[in-house]
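As a plain string of letters, each chain reads:
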Amino acid sequence: MNINDCRNIWVFVETEHGQVKNVALELINEGKKLAHTVGEELIAIVIGHKMENVVQTVISYGADQVILVDGAEYQDYTTDAYTNAFTKLIKIHQPSAVLVGATINGRDLAPRIACRMGTGLTADCTGLEISPEGEVTWTRPAMGGNLMANIICPNTRPQMGTVRPGVFKRGTSDKDRTAKIIREEISTPEKEIRTKLRDFIHVAGIAGVKIEEADIIVSGGLGIGKAENFMLLQELASALGGAVAASRAAVDEGWISPLQQVGQTGKTVGPKLYIACGISGAIQHVAGMSSSDFVVAINKDPEARIFDIADFGIVGDLLEIVPLLTDEIRKRKILNSNHPSIMTPNNICK
């Protein structure tokens with residue numbers, strides 16, 4: 001595509017069972033800042049079936065326009081169908097840049113599109129900037145998180161990147177917002193879809209909440225001592241209505257599932273409250289949770305690096321402190337049962 005003909009920032013709106021994934025709303029908020037910096041628009045790309053509620057959701061969160069592809073073959077994500085629809089949309093509308101969440105599906109879809117369009121793709125980004133000329137600088141960790149690489153795609157369009165969930169904050173919803181909706185009729189023949197979805201297997205965190213979507217996270221590291229002690233964190237997370245996570249060291253010991261890992265080689269999270277228990281504060285772990293609104297650290301070592309980024313630190317034995325904290329939270333929940341708003345993440349932090 002001719003670079004001079006390309007305009008606007010696109011965000012792929014990933015959905016799950018008809019619900020917009022948080023990362024899409026995060027990218028709409030951040031992508032809109034990029035687009036408006038260069039006088040362009042943020043356009044949300046919705047592919048699926050019976051997605052009117054999704055369209056209204058992304059408009060309420062700030063999309064300037066929505067391009068919708070609706071068809072029964074897009075009911076559930078498949079690589080072939082979504083790649084076909086997305087590449088045809090790009091050829092029709094010629095965006096300057098495309099932002100995709102670095103989810104399982106996003107990491108599958110984005111490279112397929114980039115390859116077909118003959119353009120570059122930067123994976124697992126944690127930062128975005130744009131020049132007055134519309135050139136996006138994609139920032140991502142490199143060399144095991146020991147340095148940050150700034151990558152540009154000056155010669156081809158669209159500029160593409162996958163962005164980690166939890167890096168950016170989503171905006172606020174305004175249900176009175178309106179925006180232009182463009183409906184494109186793009187079909188994908190059944191014979192071109194080489195995979196068939198047989199079943200869904202629900203996977204949630206230990207406390208029943210996925211860490212990427214949790215407002216409160218209780219996370220454990222090597223200082224937990226053994227796998228059984230994660231039950232203490234589970235009890236605290238359950239009392240708070242949050243999720244249990246872990247550092248890579250705890251995962252490597254086999255104490256907890258890799259699905260719960262936060263950090264450079266795990267998931268990036270941005271909860272309102274992050275409680276780090278027995279976590280030293282290695283740079284690789286901090287890279288995955290540094291966007292948390294409020295951090296509480298519990299560690300025996302007063303020199304632990306985690307205290308450098310913590311808003312509140314407790315020096316002591318977590319095996320003693322965590323049960324006391326859990327009991328106190330439960331007591332407050334009982335006392336304040338008539339005022340549930342008191343137990344929101346913001347008020348807990350206070």
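These lines cover the structure that appears in this document, whether it is placed above or below. Bear in mind that the values here come from a model prediction, so they are computed numbers and not experimental data.

1. A few points about the overall build of the protein chain
Thought 1: Helix and strand counts for the protein chain stand at 10 helices and 17 strands.
Thought 2: Radius of gyration (C-alpha) of the protein chain: 22 Å, near the 20 Å computed for a compact globule of 350 residues.
Thought 3: Projected onto its principal axes, the C-alpha coordinates of the protein chain cover approximately 60 × 45 × 40 Å.
Thought 4: Per-residue burial for the protein chain yields a buried fraction of 51% across its 350 residues.

2. Things to note about helix 4 (residues 104-117)
Thought 1: The terminal C-alpha atoms of helix 4, which comprises 14 residues, lie 21 Å apart, in line with the 20 Å expected from a rise of 1.5 Å per residue.
Thought 2: For helix 4, the full list of buried residues reads G106, L109, A110, I113, A114 and M117. Seen end-on, helix 4 carries its buried residues on one side only, within an arc spanning 125°. Facing away from the buried side of helix 4 by more than 90 degrees, the exposed set consists of I104 and C115.
Thought 3: Phi for G118, located one or two positions after helix 4, is positive at around 65°.

3. With respect to the nonpolar core
Thought 1: Among the nonpolar cores identified, the biggest contains 34 residues, and V13, V46, V58, V66 and L128 are the most heavily contacted of them.
Thought 2: Sorting the residues of this core by element identifies strand 1 (9-12), helix 1 (22-37), strand 4 (42-48), helix 2 (52-60), strand 5 (65-70), strand 6 (97-101), strand 8 (127-130) and strand 9 (136-142) as the ones contributing at least two each.
Thought 3: Counting residues per element, this core draws most heavily on helix 1, which supplies 7 residues.
Thought 4: Listed in part, the 26 residues of the second largest apolar core include V69, I113, I182 and I193.

4. Here we look at the pairing of strand 6
Thought 1: Of all 5 residues in strand 6, 5 are buried, a share of seventy percent or more.
Thought 2: Across the two faces of strand 6 the burial is the same, with A97, L99 and G101 and V98 and V100 all buried.
Thought 3: Of the pairings in the sheet, the one linking strand 1 to strand 6 comprises 3 bridges and is parallel in character. Along strand 6, the bridge assignment pairs V11 with L99.
Thought 4: Pairing of strand 6 with strand 11 (residues 159-163) involves 5 bridges; the strand directions are parallel. Note that in strand 11 the partner of A97 across the bridge is Q159.

5. Quick notes on the sheet that holds strand 15 (residues 273-277)
Thought 1: Strands sit in the order 14-13-15-16-17 across an open sheet of 5 strands; the sheet is parallel. Strands with a single pairing partner mark the edges of an open sheet, and in this sheet they are strand 14 (243-246) and strand 17 (312-315). Averaged over all neighbouring strand pairs, the angle between strand axes comes to 20°, with direction disregarded.
Thought 2: With 5 bridges connecting them, strand 13 (residues 216-220) and strand 15 associate as parallel partners. Bridge assignment links I216 to a residue of strand 15, and that residue is L273.
Thought 3: Lying on the sheet, helix 5 (residues 230-240) is in contact with strand 13, strand 14 and strand 15; it crosses strand 13 at an angle near 170°.
Thought 4: Lying on the sheet, helix 9 (residues 318-335) is in contact with strand 15, strand 16 (294-299) and strand 17; it crosses strand 16 at an angle near 135°.

6. Points about the packing of aromatic side chains
Thought 1: Inspection of the entire model under this criterion finds 5 aromatic pairs.
Thought 2: Relative to F86, the ring of W10 lies with its centre 6.0 Å away and its plane at 55°, an arrangement referred to as tilted. Here F86 lies in helix 3 (residues 79-93) and W10 lies in strand 1, a separation of 76 residues in the sequence.
Thought 3: On the basis of relative accessibility, which here comes to 1%, the residue W10 falls in the buried class.
Thought 4: On the accessibility criterion, F86 (0% relative accessible area) is buried.

7. Brief notes about the sheet that holds strand 10 (residues 147-151)
Two strands in a sheet stick together by hydrogen bonds in their backbones, pointing the same way (parallel) or opposite ways (antiparallel).
Thought 1: Here 3 strands make up an open sheet; going across it, the order is 8-9-10 and the pairing antiparallel. At either end of the open sheet lies a strand with only one pairing partner, and these are strand 8 and strand 10. Adjacent strand axes in the sheet meet at a mean angle of 25° when their direction is disregarded.
Thought 2: Both strand 8 and strand 9 contribute to a ladder of 4 bridges, which runs antiparallel. Directly across from E129, in strand 9, lies its bridge partner T137.

Each value, and the rule that gives it
Residue indices begin from 1 for each chain and proceed along its sequence in written order. Confidence filtering applies because this is a predicted model: local features only for residues at pLDDT of at least 70, side-chain atom pairs given and counted only at 80 or more, and all residues used for totals across whole chains, interfaces and linings. Note that water and hydrogens are dropped before the side-chain values are worked out from all heavy atoms of the structure. Secondary structure elements follow DSSP: runs of H or I no shorter than four residues count as helices, runs of E no shorter than two count as strands, and numbering proceeds from the N terminus. The globule rule is 2.2 Å times the number of residues to the power 0.38, and the radius of gyration it is compared with is taken over C-alpha atoms. Only protein chains enter the accessibility calculation, which uses a 1.4 Å probe; a residue is then buried when its area is under 20% of its type maximum, exposed when over 50%, and partly exposed in between. Helix span is expected to be 1.5 Å times the residue number reduced by one. This arc describes the spread of directions from the helix axis toward the C-beta atoms. Residues grouped as a nonpolar core are buried Ala, Val, Leu, Ile, Met, Phe, Trp, Tyr and Cys residues, joined through side-chain atoms within 4.5 Å. Strands qualify as paired when DSSP identifies two bridges or more between them. Every axis corresponds to a line fitted to the C-alpha atoms, with the helix fit spanning only the stretch in contact, and the corresponding angles, defined between N-to-C directions, vary from 0 to 180 degrees. Contacts are assigned to residue pairs that have any heavy atoms within 4.5 Å of one another. We call Phe, Tyr and Trp rings a pair once their centres come within 6.5 Å, taking the six-membered ring for Trp, and we label the pair stacked below 30 degrees between planes, edge-to-face above 60, and tilted otherwise.

The values are spatial; any link to function lies outside them.
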